[in-house]
Amino acid sequence: ERVYDIVKDSYRTEKLQKPSELLPYLYLGDVGHARNVPMLQALGISMVLNCAPNMVNTSRQTYPGDFMYMAINAEDTLEYKLLPNHLEEACQF
């Protein structure tokens, strides 16, 4: 599913009460999850990597001081090579 398809549906977060846990330390969520700071804190999430900053309007100021935030300008297309273009900087984060 494309990031835009997740973001454009305002009801999406209501269906998914919390982000998907991919690994014990890695979650994937939508814009509603990213903006729900109390939920992020309850899940122990303290780092947010925004891969669609042009569509998901969050910034460093969205989060309390103990959060880390990074935005990468990935394209939301099937052809876009997310990992070759951004894996190294994401892993450094």
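First, a word on scope: everything that follows refers to the structure included in this document. (Residues numbered from 1 in each chain as written. Predicted model: local features only at pLDDT ≥ 70, side-chain atom pairs only at ≥ 80, totals over all residues. Heavy atoms only, no water.)

## Quick word on the overall build of the protein
Next, step 1: Helices and strands together make up the secondary structure of the protein, namely five helices and four strands.
Next, step 2: The helix and strand sequence of the protein, counted from the amino end, reads α-α-β-β-α-α-β-β-α.
Next, step 3: Here the protein holds 93 residues, and the buried ones make up 28% of them.
Next, step 4: Across the protein, every contact between residues at least 6 apart in sequence was considered, and the portion connecting residues at least 24 apart equals 28%.
Next, step 5: As displayed, the protein has an accessible area near 6,500 Å², and 54% of this comes from carbon and sulfur atoms. (Helix = DSSP H or I, 4+ residues; strand = E, 2+ residues; numbered from the N terminus. Buried < 20%, exposed > 50% of the residue type's maximum accessible area, 1.4 Å probe, protein only. Contact = heavy atoms within 4.5 Å. Areas by Shrake-Rupley, 256 points an atom, 1.4 Å probe, with all protein chains shown as cover.)

## Examining the nonpolar core
Next, step 1: Among the nonpolar cores identified, the biggest contains nine residues, and these are Ala34, Val37, Met39, Leu40, Ile45, Val48, Tyr63, Phe67 and Tyr69.
Next, step 2: The contacts of Val48, once residues within four sequence positions are left out, are Leu40, Tyr63, Phe67, Met68, Tyr69, Met70 and Phe93. (Core = buried A, V, L, I, M, F, W, Y, C linked by side-chain atoms within 4.5 Å.)

## Here we look at the side chain of His86
Next, step 1: In this structure, His86 sits in helix α5 (residues 82–92).
Next, step 2: Side chain to side chain, His86 and Tyr80 meet in a polar contact 2.5 Å long.
Next, step 3: For His86, the residues in contact, after removing those within four places along its chain, are Ile72, Asn73, Ala74 and Tyr80. (Polar contact = N/O pair within 3.5 Å; in protein donor to acceptor, adjacent residues only side chain to side chain.)

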